[in-house]
Amino acid sequence: MERVVATLYAVAGIGAGLVGVALLVFLTAYSWPLVTQGHVGTVLSTTWNPNAGSFGIVPMILGSLTIAGGAVLIAFPAGLGICIFLNGVGPRWAARPLRAVVELMTGIPTVLYAFVAVFLLVPVLRNIAGGSGYSALSALLVVAVLITPTIVLTIDGRFEQLHGQLYLATVALGLTPAQRLAWVYLPAARNGLIAAMILGFGRAVGDTVIALMIAGNATHVPSSITGAVRTLTSHIALVLAADTQSGAYYSLFAAGLLLFLFVLLANIALRYIGSKERST
Amino acid sequence: MSSAGKVRISLIVKAGMTVLLLSGLVVAVWAGGASERTPVSEEAARIFDGQSGTIEIAGGTAHIPVVERAARQITTANPAVRVTVAGGGTGVGIESVGRGQVDIGSTGRAPTQAEIERYDLHPFRFALDGVTAIVHPSSPVRDLSTQELAAVFSGRIRDWSELGGEAGSIHVFTRDEGSATQSVFVSEALGGTSISAAANVVPSNGAMKAAVSRDPAAIGYVGIGYVDSEVRALSLEGVEPTQENAVDGRYPVVRGLYFNTSGEPSALVESFYRYLETEEGAELIRAAGYIPTGGR
């Protein structure tokens, strides 16, 4: 019986790993014609105008990085702050409902965030920041809201683990809750913080519907954060709807490959930083 | 045709292509018995007598209001026949019918020769629709020339004051590349001038109307059937964009609305076409704001 279970786990694990590898192989294989036919330069240009044979996706790369990077910059400190509040700095009567709210937020479909933002956030930003309101800034703020619960729950889970191991020792040392967090939990939770950042970035760069509905989808390189931008994900959604025969279609595989590589690279880079810091 | 004999009286306006389903811009509506009572159409009952099954339609978003209305009549008259409709745009219509994912692919233009050959498409033109530039109802701008429109959409004119409006930047909204509304607007209203890459892109006629109706500085374009009090249609060179002017050729930005099957239409699809050709069907098409053309 145990062997059966072990085998099932092994199959599930290997299967999940294979899906990832297969995705990478598939995307590379389909993007390959761009390389062999010398279209890499075309794809890595800043002009998207399929009618004129320009399939540049650099604006979309910048759009994705702006929105995901900006969202993490906002959501990570916010998420960390919430975790600190939840774990001893804030009163317990407030911590419990707050944790429940954060857990609930992880389950809210992203389309709802986008839908509400169209009515509430877009007009406000139009008045404050100018432009149409459909902008990188709008999308970035909403994506930050989207990924904050992911970041909170990841860090909070790590704190909870540490709490079980270290709580009595910190009490014996006479540390206040704030001291305990600052000098014991936070340094010990470094891996959890990195994991939270990776997961947050991954969710942000992979989000489609928020960007599609409120980022404006313009195909240029925006001069300001209040300009309309198109992400790689919404680009795939918009062009896939159009046709499956032209060169535009093949540039989508390059867009998909880049998305995959972004998440992979963010993962590797952050893990590298983590391991380096631990060894010093 | 997929599963037959569903007894439930329901009309499903179904969000189709996964990608656009994600976008949430295709609204899912369950209508039917619950919300409003439709008198049973004898015409529909006669044409669909003894038939059963589902007609799945996806593609151009201009078609949705017509199909919704027709579907309500048909399922009320014969509960065994269901009609579902999804958006996605003309490009999706061609691809999804060509790949056999739906029974009918709707397109806002005639399929090209290449598309017809690739997927053995049989087009059925059921209506004409004009495409018009729209602005917010509060805008003082009423009429633009082709040159002015082209300058606005290509980004050469950027301020409303240059067009006689209040000073302030113009927010240009356009459609995705797969949109037939876009291609007819570019070729007929803008004289072929490319739309600026800085323009906001929305994925459907409905999303366009929603965006322009909420932004006093916006300009965009939709099928005339989508125009109501929420947005103002602009005259082009002094000609009002009404369906009457589109019919007699005075308003030039006009395209056909088509249903396409891959191969010969099935009996059920034939009935659907025949229903649209009746006076009642033409009335539904007019109610949706289009000009019925009664067939091939």
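Source: prediction; values computed, not measured.

**As for the overall build of chain B**
And step 1. Of regular secondary structure, chain B possesses 11 helices and 14 strands.
And step 2. Evaluated residue by residue, chain B yields a buried proportion of 58% over its 296 residues.
And step 3. Within chain B, residue pairs in contact and separated by at least 24 positions form 77% of the contacts whose partners lie at least 6 positions apart.
And step 4. Total accessible area on chain B stands at roughly 11,600 Å², and carbon and sulfur atoms take up 51% of it.

**What about the domain arrangement of chain A?**
All names here are of chain A.
And step 1. What the domain assignment lists for chain A is domain 1 (1-38) and domain 2 (41-279).
And step 2. In this structure, domain 1 and domain 2 have C-alpha centres spaced 25 Å apart.
And step 3. Opposite the 10 residues of domain 1 that make contact, domain 2 presents 10 residues.
And step 4. Approximately 830 Å² of surface area, both sides summed, lies buried where domain 1 meets domain 2, with 83% of it carried by carbon and sulfur atoms.

**Considerations on the domain arrangement of chain B**
All names here are of chain B.
And step 1. Assigned domains of chain B: these are domain 1 (8-128 + 256-292) and domain 2 (131-254).
And step 2. Facing 14 residues of domain 1, the contacting portion of domain 2 comprises 13 residues.
And step 3. In total, about 1,100 Å² of surface goes out of reach between domain 1 and domain 2, with carbon and sulfur atoms giving 61% of it.
And step 4. Linking domain 1 with domain 2 are zero salt bridges, by the criterion used here.

**Side note on the interface of chain A and chain B**
And step 1. Taken together, the contact between chain A and chain B spans 29 residues of the former and 29 residues of the latter.
And step 2. The interface formed by chain A and chain B contains one salt bridge.
And step 3. Across the salt bridge formed by B:Asp215 and A:Arg126, the nearest N and O atoms sit 3.4 Å from each other.
And step 4. Inspection of the region where chain A meets chain B yields nine residue pairs in polar contact (both at pLDDT 80 or more).
And step 5. Counting only elements with at least two residues in the side of chain A that touches chain B, the list comes to strand E1 (48-49), helix H5 (110-129), helix H9 (209-214) and helix H10 (232-240) of chain A.

**Some remarks on the packing of helix H3 (residues 58-89) of chain A against helix H6 (residues 136-172) of chain A**
Residues and elements named next belong to chain A.
And step 1. The N-to-C vectors of H3 and H6 enclose an angle of 40°; their axes lie 6 Å apart at closest approach. Relative to H6, H3 is oriented oblique. Our pair here, H3 against H6, has a crossing hand that is right-handed.
And step 2. Residue classes in the contact of H3 with H6 are distributed as 21 nonpolar, five polar and one charged.

Quick notes on the rules
- Residues numbered from 1 in each chain as written.
- Chains lettered and ligands numbered in written order.
- Predicted model: local features only at pLDDT ≥ 70, side-chain atom pairs only at ≥ 80, totals over all residues.
- Heavy atoms only, no water.
- Helix = DSSP H or I, 4+ residues; strand = E, 2+ residues; numbered from the N terminus.
- Buried < 20%, exposed > 50% of the residue type's maximum accessible area, 1.4 Å probe, protein only.
- Contact = heavy atoms within 4.5 Å.
- Areas by Shrake-Rupley, 256 points an atom, 1.4 Å probe, with all protein chains shown as cover.
- Domains from an automatic or database assignment.
- Buried area = accessible area lost by both parts, 1.4 Å probe.
- Salt bridge = Lys/Arg side-chain N within 4 Å of Asp/Glu carboxyl O.
- Polar contact = N/O pair within 3.5 Å; in protein donor to acceptor, adjacent residues only side chain to side chain.
- Axes fitted to C-alpha atoms, helices over the stretch in contact; angles between N-to-C directions.
- Parallel < 35°, antiparallel > 145°, perpendicular 65-115°, else oblique.
- Left-handed = near helix turned anticlockwise from the far one by under 90°.
- Nonpolar A, V, L, I, M, F, W, Y, C, P; charged D, E, K, R; others polar.

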